[in-house]
Amino acid sequence: MKKQYNTLSLIKAFIIDLLIWLYLVGTGFYLLEQLNVVEYKFSYFLITSVVLGIITFVTQNSLGHKGFRSKKIKKRRWYKTLWGWEIFILIAITFVVGWDIVEVNPIKLIAKFKNSKVIISQLFNPNFDNLLKMLSALSETIYLALLATVFAIPLAFIFSFFAARNLMPKNLLGNTVYIIVRTVATIVRSIEALVWAIIFCVWVGIGPFAGMLALLFHSMAALTKLYSEQIENIDSGPIEAMKSTGANTLQVWIYAVIPQIISPYLAFTMYRWDINVRMATIVGFVGGGGIGLALKQEQQLLHWRNVGLIMWLIALVVWIMDMVSGKVREKLVKH
Amino acid sequence: MENILTLEKLNKFYDEDTHAINDVDLEVKEGDFLILLGLSGSGKSTLLRCINRLIEPTSGKIYFEGTNVCDLGGTPLRHARREIGMIFQQFNLIKNLTVLTNALSGRLGYFSTIKSLFPRLDNELVAQAKKNLKRVGLEEFANQKVKNLSGGQQQRVAIARVLMQNPKLILADEPVASLDPATADSVMRYLGNLNKNDNITIICSLHFLSLARKYGTRVVALKGGKLMFDGEPTEIDEQKFKDIYGQDAEEVDIK
C-alpha cells in the first residue's frame, strides 16, 4: 500500500516537472524567436524540455518533488533551492511573455487620449429628450431579470438537493446523480449568458424573451451551485435527530435541511437578481431586448449623448439594486 | 425481566486501522438505566449510533425486541427507529423553528410525507405535544423559537421531542456534557423520571460518576472500543475509575 503511493507520487512529480519545462522552454523559444535569435523547431523544443525535465527531476529538489513528495525535501529558504528558482523563473517569464502577447503600450494610453475626448464629453452631457423611451427599455430589462430569477429559483432549489454531497447517499446511484447534476450545472454555468442569449435569439427570435431564457439558464446553474454549497455547510445534527425519529428522506429534508437554508437562499437569490439586472444589459446587446439593445442601437448610430443617458440610467439602477440587496441580505443573514 | 436489547459480537471499523467497536456483547434489560462510561474516542457515540443504525456496524447482531435491526432496511428500519428515541449532546433541534414544531417533529416517523407538512392541523397531536412540553416545564415556551432558549431548556425540548415517539428505549449521547452542573442534574432528573414512571429503558453516556451513581441502575465502560466493565454503579471505586479513564484521572465531584 505504502509503496504504491510512493511510485504514484513519483510519477506525479515527474509529470509536473515535465510540464513545467515544456512551458518554460516553449515560452523561452517564443521570446528568442521574437528577437530573431533562433529559429523555432519542434524537435529542439521537445528534446530540450524533456532533458531539462529529467535533470531537474533527478535532483530530487524540483517543483514536482516539492508538490507531491514535500516530506522528503529539506526545509530551506526558497532562493537556496531549485524549486524556488523554478517558481521565480515561471512567474518572471509569464509576465514578460504576457506583456508581449497583450501588446501592452502605456505610451499609447496617455498620448492618444484626445481621440476619445469628444465621446467622453458627450457621455457626460446626456440627452434627456429620450428619457421616457429609455425608461421603458430599462423597465423591460428589470422585469426580464426579475422573471429570469423567479423562474430559476424553484428549479435550482430542487437541483441543489441532488448536488449536495452530504444529502446524496454514498452508493452508486447517489454518486451518479450527484456527479451528473454537478457536471451539467458547471457546464451550463461556464457558458456565458451572452452565448446562451445568442442561442435563444435564434431559437425564439430576438427580444426580451430570448434574454430572459438566457439569464434563466445561467442563473439556474449558478444558483444550484450556491444553494448546494449552502446545504453542504448546514449543521448535520438535526439531520441525525430527524433520522433517529424514523422520518423518511423527504421528511428529513423538510424538517432538518430547509429551515436551515431558507434565509441564506433568499440572500443568494437577491444577490442573483442584482447580478441579473447587470447581465441583462449585456445580454440585450446581442438581441436579448431591453436597455442593452437600445444601447447597441444608439452606439451604432454614434448618438453618444443618448449612449450617455443609457449609461447613467444603468449606473443608477445598479447602484439602487446594490444598496437594496445589500441591506436585505444583511437582515437575512443576521436572523 | 426480558432483554429489550442484545448486542452480539458487534464490530465497527471506520477504516482498516480504526477499530471503533471491538467485539462488544451486551444485554440490556427492560427498565434498565444503563450508564455508558469511557474516554472521548472510546466508542460510546459510535456504539449508541449503531443501535439505531445512524452508523452502519461492520459486523455483529443487534436484537431490539427480538428483531435483528441489522437485517432491516427502508420502512421496517424506520419503524424500529420510531421506538428508539435519541438525545444528543448538542441537542440537535431545528433552531429556526418553534418549540412546539420541534416537539411535533418527534412524531415524523408516524406521519405520511404529506401530513408532515401540516402537523399542526392534528389537534389531538398538538395537545399531546403540549402535554409533553408541560411535563418538561416548557408549556409557556411553545411558540418561541428554539434559538432563544438556554441550553438546559433546549435539552428539555429534545426530551419532549423524544417523548412524542412513544419510545421503548432512549439512547442519550452525553446529554449533559454541554450544560452547567445544576442544569445537568435537572436534565438527568427528567430522564430518571421517564425511566421510573414510563418504564422507558435508557442507555446514557456520561462523564460524571456522581450522576452515574445517582441515576444509573447499571454501568458499562468502554475502552478503545472494548467492553471493560459491567456492573452496579456502586462497584466503581477509585481503582476502577482509573482503569477506565487512565492513571492520571481524578474523580471530579460536581456537587
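Just so it is clear, the structure is predicted and the values come from calculations on it, not from any experiment.

Draft legend 1. Seen up close, the overall build of chain B. Within chain B, the regular secondary structure consists of nine helices and ten strands. Against the 2.2 N^0.38 benchmark of 18 Å for 255 residues, chain B shows a C-alpha radius of gyration of 18 Å, consistent with a compact globule. Its C-alpha atoms give chain B principal-axis dimensions of roughly 55 × 45 × 35 Å. Across the 255 residues of chain B, 55% fall into the buried class. Put simply, 70% of the contacts in chain B that link residues at least 6 apart link residues at least 24 apart. For chain B, the exposed area adds up to about 11,200 Å²; of that, 48% sits on carbon and sulfur atoms. With 33 positive and 33 negative side-chain charges, chain B shows a separation of 9 Å between the mean positions of the two kinds.

Draft legend 2. Spotlight on the sheet that holds strand 8 (residues 201-205) of chain B. All names here are of chain B. Spatially, six strands are ordered 6-7-8-3-9-10 in an open sheet, and the strand pairing comes out mixed. Edge positions in the sheet fall to strand 6 (84-87) and strand 10 (226-231), since each of these pairs with one other strand and no more. When the angles between neighbouring strand axes are averaged without regard to direction, this sheet yields 20°. Bridge analysis of strand 6 against strand 7 (residues 169-172) gives four bridges, and the strand direction is parallel. Across the sheet, residue glycine 85 finds its bridge partner in strand 7, namely isoleucine 170.

Draft legend 3. Fine view of the interface of chain A and chain B. Contacts between chain A and chain B engage 20 residues on the former and 29 residues on the latter. For the pair chain A and chain B, the two sides together bury roughly 2,000 Å², of which 58% comes from carbon and sulfur. Considering only the side of chain A, the residues that lose the most area to chain B are Ser244, Thr245 and Tyr255 of chain A, jointly responsible for 32% of the buried surface there. Along the contact surface separating chain A from chain B lie one salt bridge. Viewed at the interface, chain B and chain A are joined by eight residue pairs in polar contact (both at pLDDT 80 or more). Listing elements by their share of the side of chain A that touches chain B, those giving two or more residues are helix 11 (237-244) and helix 12 (249-288) of chain A. Class assignment of the residues belonging to the side of chain A that touches chain B gives a composition of nine nonpolar, eight polar and three charged.

Draft legend 4. Quick look at the environment of phenylalanine 45 of chain A. All names here are of chain A. With respect to the helices and strands, the residue phenylalanine 45 is situated in helix 2 (residues 42-58). In this structure, the C-alpha to C-alpha distance between phenylalanine 45 and proline 238, residues 193 residues apart in sequence, is 59 Å. Those residues in contact with phenylalanine 45 that sit more than four places away from it in its chain are Leu22, Val25, Gly26, Phe29 and Tyr40.

Draft legend 5. The nonpolar core, seen in detail. Core analysis: the largest hydrophobic core is formed by 126 residues, its most contacted members being Val257 of chain A together with Leu5, Leu7, Leu37, Met188, Leu191 and Ile203 of chain B. Not counting residues up to four positions away in its chain, the partners in contact with leucine 37 of chain B are Lys44, Leu206, Leu209, Val219, Val220, Ala221, Leu222, Ile236, Ile244 and Tyr245 of chain B. Counting residues in hydrophobic clusters, the runner-up holds 18 residues, among them Ala137, Val277, Ile291 and Leu313 of chain A.

Draft legend 6. Spotlight on the pairing of strand 10 of chain B. Residue and element names in this part refer to chain B. Direction of pairing for strand 9 (residues 218-223) relative to strand 10: antiparallel, over a ladder of five bridges. Counted as the bridge partner of lysine 223 is lysine 226 from strand 10. Adjacent in sequence and paired antiparallel, strand 9 and strand 10 are bridged by two residues, among which glycine 224 carries a positive phi angle near 55°.

Draft legend 7. Local environment of the pairing of strand 3 (residues 33-37) of chain B. Residues and elements named next belong to chain B. Counting buried positions along strand 3 yields five of five residues, so the element is predominantly enclosed. Side chains Phe33, Ile35 and Leu37 project from strand 3 onto one buried face, and the interleaved Leu34 and Leu36 project onto a second face that is buried too. In terms of strand pairing, strand 3 meets strand 8 through four bridges, oriented parallel. Considered in strand 8, the bridge of leucine 34 is made with isoleucine 203. By the bridge criterion, four bridges tie strand 3 to strand 9 in an arrangement that is parallel. If you follow leucine 37 over to strand 9, its bridge partner there is alanine 221.

Draft legend 8. Layout of the domain arrangement of chain A. Split by domain assignment, chain A resolves into domain 1 (2-104) and domain 2 (122-334). For domain 1 of chain A versus domain 2 of chain A, the distance between C-alpha centres works out to 41 Å.

Draft legend 9. Spotlight on the pattern of salt bridges. In total, this model carries 16 salt bridges over all chains according to the counting rule given. Notably, a salt bridge pairs lysine 225 of chain A with glutamate 229 of chain A, separated by 3.3 Å at the nearest N-O pair. Here the residue lysine 225 of chain A and the residue glutamate 229 of chain A both occupy positions in helix 10 (residues 208-232), the gap between them amounting to four residues, near one helical turn. Taking the relative accessible area as the measure of exposure, lysine 225 of chain A reaches 32% and is therefore partly exposed. Judged by its relative accessible area of 31%, glutamate 229 of chain A falls in the partly exposed class. Salt-bridge contacts for arginine 53 of chain B lead to glutamate 56 of chain B; the nearest nitrogen and oxygen are separated by 2.5 Å.

Draft legend 10. Looking closely at the sheet that holds strand 1 (residues 3-15) of chain B. Residue and element names in this part refer to chain B. Spatially, 2-1-4-5 is the arrangement adopted by the four strands of the open sheet, whose pairing is antiparallel. Lying at the two open borders of the sheet, with one neighbouring strand each, are strand 2 (18-29) and strand 5 (67-68). In terms of strand pairing, strand 1 meets strand 2 through eight bridges, oriented antiparallel. Bridged to lysine 12 within strand 2 is isoleucine 21. Contacts from helix 1 (residues 44-51) reach strand 1, strand 2 and strand 4 (59-64), with the element oriented near 120° to strand 1.

Draft legend 11. Here's a closer look at a nonpolar patch on the surface. Residue and element names in this part refer to chain A. Among the surface-exposed residues, Leu194, Val195, Ile199, Trp203, Val204, Phe209 and Ile282 lie close enough to one another that they form a single nonpolar patch of about 660 Å² accessible area. Ranked by the residues each element gives to the nonpolar patch, the list is headed by helix 9 (residues 193-204), at five residues. One can find phenylalanine 209 in helix 10. On the accessibility criterion, phenylalanine 209 (47% relative accessible area) is partly exposed.

Cut-offs and rules
- Residues numbered from 1 in each chain as written.
- Chains lettered and ligands numbered in written order.
- Predicted model: local features only at pLDDT ≥ 70, side-chain atom pairs only at ≥ 80, totals over all residues.
- Heavy atoms only, no water.
- Helix = DSSP H or I, 4+ residues; strand = E, 2+ residues; numbered from the N terminus.
- Rg over C-alpha atoms; globule rule 2.2 N^0.38 Å.
- Buried < 20%, exposed > 50% of the residue type's maximum accessible area, 1.4 Å probe, protein only.
- Contact = heavy atoms within 4.5 Å.
- Areas by Shrake-Rupley, 256 points an atom, 1.4 Å probe, with all protein chains shown as cover.
- Lys, Arg positive; Asp, Glu negative; His and termini not counted.
- Charge placed at Lys NZ, Arg CZ, Asp CG, Glu CD.
- Pairing = 2+ DSSP bridges.
- Axes fitted to C-alpha atoms, helices over the stretch in contact; angles between N-to-C directions.
- Buried area = accessible area lost by both parts, 1.4 Å probe.
- Salt bridge = Lys/Arg side-chain N within 4 Å of Asp/Glu carboxyl O.
- Polar contact = N/O pair within 3.5 Å; in protein donor to acceptor, adjacent residues only side chain to side chain.
- Nonpolar A, V, L, I, M, F, W, Y, C, P; charged D, E, K, R; others polar.
- Core = buried A, V, L, I, M, F, W, Y, C linked by side-chain atoms within 4.5 Å.
- Domains from an automatic or database assignment.
- Patch = residues over 30% accessible without salt bridge, like charges linked within 9 Å, V, L, I, M, F, W, Y side chains within 5 Å.

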